[in-house]
Amino acid sequence: MNWSRFTLIALGGVTLGSFAHASEDFVPEELTVMERIKPGPNVFVLDQLWSGASRANVISQEDLTVKGNLSFGIVGQIVTSHDSKTLYSMSAYAERISYGPTEVVLQEFDVDTLSLKREIVIPEKAAQVAPSNAIVALSYDDNYAFVQNATPATSVSVVDLTSGEFVEEVPTPGCFGIFPASDSVKFTTACGDGRFQSFSLGNDNQFGSPEPSEKIFDPTSDPIFIVGKRAGDELVFVSFFGNVYQVSDSGDMVSLTNKFAITDGVEGGWAPGGVDVAAYNEANDVLFVTMHSDAYNGSHKNAAEEVWAVELSSGDVLSRSPVHELASISVTDGETPILFGLDEESTLTRFEVDVGADFELEPTSSLESVGDWTVYSIAGK
């Protein structure tokens, strides 16, 4: 017994001596904080959570290195200013998590410093839905923010970003999605009966109620994805069954300017599928669409097996590039575009677009576990 106690004491002495010697050689690491993220164009990936804080991952367009992230409330949505220097999030903060009051906040972040600039409390009517680029939007001059509401009655909250105040709730019964105009404080929304409506800021600083458009799409036989893309003076929508609708929102009443099919005569039952299913490159007038085969009624959520490059002016399919289960895509604006895709396993992939080979895609790098559901990329910034 005494021997055992002596052995333990001796071993303890050796151990303490080793620690003492190690402490003399230990040099503590000096931690520093970068004041600004590395320069260069970014990709913003929304990692939306319903059980905790959502976040926006800020990633380099050049090599997909992570520069940092911005955190906000549950069921978050994001949008960025036109110069990509400011990111806005809309999310909810539940005081008691499972019951009780919920505060909905529009938060403004400086991207370069990844810092919060201000918060604007808005009505507790904001739609809490899966990520979509049609839920929060900015006016063409970045002076107003629009937030989609659903209670389940639909309306749009308007926020004056100059004063930092909520200013108006615009009723949009039966309509959903926010698509800002390119040259005025105005937004268009898609309606469940196949029509569109546009709302403009009037001289009285209020948004009026214009006449709805004629019926443009059939919501039963050819419903559209609520992910309209701006193409110059027009908005472009893709339907569940492969039709492309080009609509003009320049007048008081939205009008159809062109409609064409991208799947006619193509074998294999191909149709668009995913979440953010289309991306438009203005410099080359090319629309990229996520496509899956063996489509059926209800398969519009199926991830893509291919991405098709479509010339918008002619409606021709220029190329078909194989991809792995992409759910959302975005593309830069330049003459030599870069396309980004997020798959169902939360992997972000960067694709170079071969302009000389009919805009075929070539994967160059990927980044795993960056966020669920949607990718939000700032094109060419």
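This text goes with the structure placed above it.
Note that the structure is a prediction, hence the values are computed from the model and not measured. (Residues numbered from 1 in each chain as written. Predicted model: local features only at pLDDT ≥ 70, side-chain atom pairs only at ≥ 80, totals over all residues. Heavy atoms only, no water.)

### Quick word on the overall build of the chain
The secondary structure content of the chain amounts to one helix and 27 strands. For the C-alpha atoms alone, the extent of the chain along its principal axes is close to 95 × 50 × 40 Å. Partitioning the contacts of the chain with sequence separation of at least 6, the portion at a separation of at least 24 is 45%. When the accessible area of the chain is evaluated, it comes to approximately 18,200 Å², of which 51% is carbon and sulfur surface. (Helix = DSSP H or I, 4+ residues; strand = E, 2+ residues; numbered from the N terminus. Contact = heavy atoms within 4.5 Å. Areas by Shrake-Rupley, 256 points an atom, 1.4 Å probe, with all protein chains shown as cover.)

### Description of empty space enclosed by the protein
This model, assessed by the stated rule, comprises two cavities of 30 Å³ or more. There is about 40 Å³ of room inside the largest cavity. Taken together, Phe240, Phe241, Ala271, Ala295, Tyr296, Gly298, Ser299 and His300 form the lining of the largest cavity. Residues of the lining of the largest cavity, tallied by class, amount to five nonpolar, three polar and no charged. (1 Å grid on protein atoms, 1.4 Å probe; cavity = no way out; pocket = protein on both sides within 12 Å on 5 of 7 lines; lining within 4 Å. Points joined across faces, edges and corners; volume = space filled by probe spheres on them. Nonpolar A, V, L, I, M, F, W, Y, C, P; charged D, E, K, R; others polar.)

### Quick word on the side chain of asparagine 57
Within the secondary structure, asparagine 57 is located in strand S2 (residues 54–60). Here valine 370 takes part through its backbone oxygen, which lies 2.4 Å from a polar atom of the side chain of asparagine 57. (Polar contact = N/O pair within 3.5 Å; in protein donor to acceptor, adjacent residues only side chain to side chain.)

### Here's the deal with the nonpolar core
In terms of nonpolar packing, the biggest core is built from 19 residues, with Val244, Ile262, Leu287 and Leu312 touching the most fellow members. The set of elements that each furnish at least two residues to this core consists of strand S16 (234–238), strand S20 (278–281), strand S21 (286–292) and strand S22 (304–311). In terms of residue count, S21 provides more of this core than any other element does, three residues in total. (Core = buried A, V, L, I, M, F, W, Y, C linked by side-chain atoms within 4.5 Å. Buried < 20%, exposed > 50% of the residue type's maximum accessible area, 1.4 Å probe, protein only.)

### A closer look at the sheet that holds strand S17 (residues 243–248)
Sheet architecture is open: four strands sit in the order S15-S16-S17-S18, paired in antiparallel fashion. Strands with a single pairing partner mark the edges of an open sheet, and in this sheet they are strand S15 (229–231) and strand S18 (255–261). Each neighbouring strand pair of the sheet contributes to a mean axis angle of 25°, computed without reference to strand direction. (Pairing = 2+ DSSP bridges. Axes fitted to C-alpha atoms, helices over the stretch in contact; angles between N-to-C directions.)

### Considering the pairing of S22
Put simply, side chains in a regular strand alternate between the two faces of the sheet. Counting buried positions along S22 yields six of eight residues, so the element is predominantly enclosed. Note: S21 against S22, six bridges, orientation antiparallel. Paired with valine 286 across the strands is glutamate 311, a residue of S22. Pairing of S22 with strand S23 (residues 317–331), which is carried by six bridges, proceeds in the antiparallel orientation. For alanine 309, the partnering residue across the bridge sits in S23 and is serine 319.

### Some points on a negative patch on the surface
There is a patch of like negative charges on the surface, built from Asp294, Glu305, Glu325, Glu344, Glu345 and Glu368. If you trace the backbone, glutamate 368 turns up in the loop between strand S26 (360–367) and strand S27 (373–377). (Patch = residues over 30% accessible without salt bridge, like charges linked within 9 Å, V, L, I, M, F, W, Y side chains within 5 Å. Salt bridge = Lys/Arg side-chain N within 4 Å of Asp/Glu carboxyl O. Lys, Arg positive; Asp, Glu negative; His and termini not counted. Charge placed at Lys NZ, Arg CZ, Asp CG, Glu CD.)

### Things to note about the sheet that holds strand S13 (residues 186–191)
With antiparallel pairing, three strands are arranged side by side in an open sheet as S12-S13-S14. Either end of the sheet is taken by a strand with one partner, and the two such strands are strand S12 (175–180) and strand S14 (196–200). The sheet shows a mean angle of 25° between the axes of neighbouring strands, taken without regard to direction.

### So, the environment of phenylalanine 237
Structurally, the position occupied by phenylalanine 237 is in strand S16. The exposure class assigned to phenylalanine 237 is buried, which follows from its relative accessible area of 0%. Separated by 40 residues in the primary sequence, phenylalanine 237 and valine 277 have C-alpha atoms spaced 9.8 Å apart. Contact partners of phenylalanine 237, with chain neighbours within four places excluded, come to Phe179, Phe196, Ile224, Phe225, Gly228, Asn243, Val244, Tyr245 and Val247.

### Quick word on the state of the cysteines
If you walk through the whole model with that rule in mind, you get one disulfide. A disulfide bridge connects cysteine 175 with cysteine 191, and the sulfur atoms are separated by 2.0 Å. On the sign convention where negative is left-handed, the bridge of cysteine 175 and cysteine 191, at about 90° about the S-S bond, is right-handed. Here cysteine 191 lies in strand S13 and cysteine 175 lies in strand S12, a separation of 16 residues in the sequence. (Disulfide = S-S within 2.5 Å.)

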